[in-house]
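Listed below are the residues making up each chain.
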Amino acid sequence: MANDSKTWRCGKYELSFDRPRIMGVLNVTPDSFSDGGEHFDQDAAIEYGLAMLDAGADIIDVGGESTSTWRPGFTPVNPDEEARRVLPVVRALAKEGAIVSIDTRHVAVAKAAVRCGASIVNDVTGFTDPKMVEFVATSTCGVIVMHAGEVAAPARTHATVQLDTSAAAFVAEKAREAAAEAPREAEKPARRRRGNLLGEPKTEAKLPGGVVQPSLPFGDPEPAPGPTGEQKQETPAAEQAAPAAEAAATPEPAPEPSDHLAAMMRRSARREEAYVPTSQLRRFTLPDSAPIMRRVMGFLSDQARALIHAGVSRDRICIDPGPGFGKTANEDIVIQRETAKMASLGYPLMCAVSRKRFVGAVSGVTEAAERDAATFGVCLGAIQAGANIVRVHDVTGFAQFLNGYWAVAKPQPRRAFVAVGSNLGHRCDNIRAARDMIAEIPLTCVSNCSRIYESEPAYETRQDAFANAVIEIKTELAPLVLLDELMKIEAELGRDRSKKAKVNGPRTIDLDLLWMDGETHGGKKLRLPHPLIGERDFVLVPLEDLMHDPARFFRYNGVEVKEPEDRVGHIVGELGRM
């Protein structure tokens, strides 16, 4: 299950997996298969990214090149155009405290995105580019190693056999045998040295430290060498004429794209289209999992080790089997059923099946945008088998789905701190009433309370002094769900949040979610840890009643804590116990 001890370090952030994490998909492209280019406009993309954060996304995956294998019209995007699309979006989301992943296979785009605030590099080619490996080895970002390639050997093609008993055919056959026998006698057995045949081309790249990195099977196989000039002369005229006639009768195939990834995807589409179940009788509904998983897990393990040898720490690496990339629906199902085996490799594991073609195949849903419910079902199976991160398009729906499932399936109380303040009416009574109402929130209890302190007003100084306290709670609710419950309490106790009310002005009650165990969050609605903890004396002093040295605690959690004399809202007295 997802509640394990794995952690994922992504730049200044550290993600724990006591619950599954949600990665929202943000395609800044004009031709995405799932959203039809709805977020190609940069302002629309930024707004949608912030909305996904407010809906429950832990990570936003920003991509500027559509690489959906089911879509035959895939067109590679050059790095300059890709950077123009994604960098303003990455910068804006990172500024709001979001954990941003850049979905790219171009090292120049990855470098620029990390400089703009991205914390994760999601490489669809699995870091087979030595330059990409060299870059991430010198940074602190998290990395996602994805498998994109075929998982089965290409099917053999059989030429049509036509019997001919004529004398001319007999002579031609003898000539072919003689021509084939001559070079065999001239060949000498090749000697092996260090596992390679002498004279074989080397296709592996060397990484820093001498690590060997295998190449992904993106390129098409080299064409077989044609006959030499002498062999052509020895071939009978009748035999030479046959290939020419055959070539004239066969239409020329469409040229393959020069981009390796595009070539692999085009080849995968042809393989899917050519697949006819009735042409090959099978004893089982799915292909054997062993060769498929050897190829997928072998690649992921090899690439992860290569990154580690290059200098990337193990706790920065996440793996993704790459559903839909070069794989048939049957192969994708086999891989998903083996999620537990992939999780056993020890790296955080991503489930990125959202709206994929095989999800439509098992659910009978043709339109990609209508496959969310089926996506949730596949994701749930992956979570139960050990997946840690779920990459989805419909964040709102999946967050509700996951919160409902997790509340019933996984008892998981976590510690959190809520700051309480009031400067209107009976201040201390307002704080005590808020405490009692917090204790009534579902799946939540109050475990401890600080004393009530009086403080100077902060930010808006021309108002009455505040009464402040901090309440320690245990809750099984997701952070955004808990925040909604706190806002309901504010409304019930008379907090005015209308546009006419000053943001930091007088209020009957103010509830701030300061910190929750294992949670990091960004966005307009909620930031965790609270970004202003470190400058608020009226928060840090009450916290001293609940923990030893809160300044040190929050500094360890990445919060900048100011010295007492530099803070706002200084404590001026004590008003009693809660």
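Just so it is clear, the model here is predicted, and its values are computed rather than measured.

Helix and strand content of the protein: 18 helices and 20 strands. Taken across its 578 residues, the protein has 49% of its residues classed as buried. In the protein, once contacts between residues fewer than 6 apart in sequence are set aside, the share between residues at least 24 apart is 72%.

With that out of the way, let us pick up the side chain of E65. By the element assignment, E65 lies in the loop between β4 (59-63) and α2 (79-95). A polar atom in the side chain of E65 sits 2.9 Å from the backbone nitrogen of V77. Reaching out from E65, the side chain makes a polar contact with the side chain of R105 at a distance of 2.8 Å.

With that out of the way, let us pick up the pattern of salt bridges. Two side chains that carry opposite charge are able to pair once their charged atoms sit near each other. If you walk through the whole model with that rule in mind, you get 34 salt bridges. E81 is paired through a salt bridge with R85; the nearest N and O atoms lie 3.0 Å apart. Here R85 and E81 lie together in helix α2, a separation of four residues that amounts to about one turn. Judged by relative accessible area, which is 22%, E81 ranks as partly exposed.

Our focus in this paragraph is the side chain of E338. Mapping E338 onto the fold places it in the loop between α10 (329-337) and α11 (339-343). Of the residues examined, E338 reaches a relative accessible area of 15% and is grouped as buried. With near-sequence residues (within four places) excluded, E338 lies in contact with S289 and M293.

Throughout the structure, instances matching the rule amount to seven aromatic pairs. Aromatic side chains F376 and F401 sit 5.5 Å apart centroid to centroid with 35° between the ring planes, which places their arrangement in the tilted category. In this pair, F376 is assigned in helix α13 (residues 372-385) and F401 in helix α14 (residues 395-409), connecting sequence segments 25 residues apart. Taking relative accessible area as the criterion, F376 reaches 11% and is therefore assigned buried.

In this section: the pairing of strand β7 (residues 142-146). Within β7, five of the five residues are buried, which leaves the element mostly enclosed by the surrounding structure. Residues of β7 alternate between two faces, with G142, I144 and M146 on one and V143 and V145 on the opposite face, all of them buried. One ladder, built from four bridges, connects strand β6 (residues 120-123) with β7; its direction is parallel. Each residue of the ladder has a partner; that of D123, found in β7, is V145. Pairing of β7 with strand β12 (residues 317-320) involves four bridges; the strand directions are parallel. When the bridges of β12 are listed, M146 appears paired with D320.

Conventions we followed
- Residues numbered from 1 in each chain as written.
- Predicted model: local features only at pLDDT ≥ 70, side-chain atom pairs only at ≥ 80, totals over all residues.
- Heavy atoms only, no water.
- Helix = DSSP H or I, 4+ residues; strand = E, 2+ residues; numbered from the N terminus.
- Buried < 20%, exposed > 50% of the residue type's maximum accessible area, 1.4 Å probe, protein only.
- Contact = heavy atoms within 4.5 Å.
- Polar contact = N/O pair within 3.5 Å; in protein donor to acceptor, adjacent residues only side chain to side chain.
- Salt bridge = Lys/Arg side-chain N within 4 Å of Asp/Glu carboxyl O.
- Phe/Tyr/Trp six-rings, centres within 6.5 Å; stacked < 30°, edge-to-face > 60°.
- Pairing = 2+ DSSP bridges.

Remember, this is a structural readout, not a statement about activity or role.
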